[in-house]
Amino acid sequence: THLAQTVLPGATATTALLMLGVGAGTAATGVSAAWLVSAYRFPGRRLLEVALVLPLAMPLYITAFAYIELLDFTGPLQRLIRHVGGYTSVRQYWSPDIKTLPGAVFIMSSALYPYVYLTARIVFQMQSAAAMNVARTLGRGAFGAFWHVALPLARPAIVAGVTLAMM
C-alpha cells in the first residue's frame, strides 16, 4: 500500500507522458518520412527507403546505451564541444541531458518510428493518384491535398503503427 500511495502515481504519470511523447514523435517522424519517399521522386530515394527501416535492426536498449554514450559528458560529442570551445566545465556551455523524460522520448521515437513509417508508406503507395489530382484540381495545394485527402485515408495504418510503437 505504501508503494501504491507514493511511487505508483508518479510512475503512472511518467509512463503516460512517455507514451504520449513517443506516440507523437513516432507519428510525426514516420508519417513525414513515409510521405516524402512515397510522394516525391528524388536522387537517393531508394537508399533512403531502406535506411529509414534500419533502426529496427538494433534493440531499443542498445540504441539507448549508444545515445547515452554519444551524448553524455564523457562522450565524444561533448568532448569535441569542450575541445573546440575551450571549455573546462559543463557549466560553461549548454548540452542536452539525455537521461530525462524528453531524452527518453527522443531515443524511443528515433528507434520506433519505423513501425509508423512502414504502415504509412504502404498506404500512401496504395492510394490512387487520381484522388490527389482531384484535390489539386479543386484548389488544394500540395500540403492541402496531403492534409485533407492522403492523411485521412492513411489514418488507420498510422494508428496501428503508433499503437505498435507505444507498446
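The structure under discussion appears in the preceding block.
Figured I'd write up the structure that's included with this text.

What counts and what doesn't
- Residues numbered from 1 in each chain as written.
- Predicted model: local features only at pLDDT ≥ 70, side-chain atom pairs only at ≥ 80, totals over all residues.
- Heavy atoms only, no water.
- Helix = DSSP H or I, 4+ residues; strand = E, 2+ residues; numbered from the N terminus.
- Core = buried A, V, L, I, M, F, W, Y, C linked by side-chain atoms within 4.5 Å.
- Buried < 20%, exposed > 50% of the residue type's maximum accessible area, 1.4 Å probe, protein only.
- Contact = heavy atoms within 4.5 Å.
- Expected span 1.5 Å × (residues − 1).
- Bend = angle between axes of the 7 residues up to and from the residue.
- Salt bridge = Lys/Arg side-chain N within 4 Å of Asp/Glu carboxyl O.
- Phe/Tyr/Trp six-rings, centres within 6.5 Å; stacked < 30°, edge-to-face > 60°.
- Lys NZ or Arg CZ within 6 Å of the ring centre and 35° of its normal.

Some points on the environment of Arg-91
Next, step 1: Among the secondary structure elements, Arg-91 is positioned in the loop between α5 (76–85) and α6 (101–126).
Next, step 2: Sequence separation between Arg-91 and Pro-43 is 48 residues, and the spatial gap between their C-alpha atoms is 43 Å.

Section: the nonpolar core
Side chains of nonpolar character tend, in soluble globular proteins, to be buried together.
Next, step 1: The biggest cluster of nonpolar side chains holds 23 residues, and the ones touching the most others in it are Val-31, Tyr-117, Phe-124, Phe-146 and Ile-158.
Next, step 2: When residues of this core are traced back to their parent elements, those giving at least two are α2 (8–39), α6, α7 (129–137) and α8 (142–166).
Next, step 3: Here the element with the most residues in this core is α8; it accounts for 9 residues.
Next, step 4: When sequence neighbours within four positions are dropped, the list of residues in contact with Phe-146 reads Val-31, Trp-35, Phe-124, Met-132, Leu-151 and Pro-152.

Here's the deal with α2
Next, step 1: In a regular helix each residue adds 1.5 Å, so 32 residues correspond to 46 Å; α2 covers 45 Å between its end C-alpha atoms and thus fits that length.
Next, step 2: Buried within α2 we find Gly-21, Val-22, Gly-23, Gly-25, Thr-26, Gly-30, Val-31, Ala-33, Ala-34, Trp-35, Val-37 and Ser-38.
Next, step 3: In the core, the buried residues of α2 are packed alongside α3 (45–51), α6, α7 and α8.

Focus on α8
Next, step 1: Helix length check: α8, at 25 residues, gives a terminal C-alpha distance of 30 Å against a target of 36 Å (1.5 Å per residue), a shortfall beyond 12%.
Next, step 2: Roughly 55 degrees is the biggest bend found in α8, and it falls at Arg-155, with proline Pro-156 one to four residues downstream.
Next, step 3: Buried positions along α8 lie against α2, α6 and α7.

Some thoughts on the pattern of salt bridges
A pair can form between side chains of opposite charge whenever their charged atoms are brought close.
Next, step 1: Scanning all chains against the criterion turns up 4 salt bridges.
Next, step 2: Notably, a salt bridge pairs Arg-46 with Glu-49, separated by 3.5 Å at the nearest N-O pair. In this pair, Arg-46 and Glu-49 are both assigned in helix α3, 3 residues apart and thus about one turn of the helix distant.
Next, step 3: A network of salt bridges, in which partner residues are shared, links Arg-45, Arg-46, Glu-49 and Arg-121.

Focus: the packing of aromatic side chains
Next, step 1: Applying the stated criterion to the full structure yields 7 aromatic pairs.
Next, step 2: When the centroid spacing of 5.1 Å and the interplanar angle of 80 degrees are considered together, the rings of Trp-35 and Phe-124 count as edge-to-face. Taken as a pair, Trp-35 in helix α2 and Phe-124 in helix α6 lie far apart in primary sequence, 89 residues in all. Here the two residues Trp-35 and Phe-124 agree in accessibility, since each one is buried.
Next, step 3: Among the aromatic side chains, those forming a connected cluster through ring pairs are Trp-35, Phe-124, Phe-143, Phe-146 and Trp-147.
Next, step 4: One residue, Arg-82, lies across the ring of Phe-73, its end atom 4.0 Å from the ring centre.

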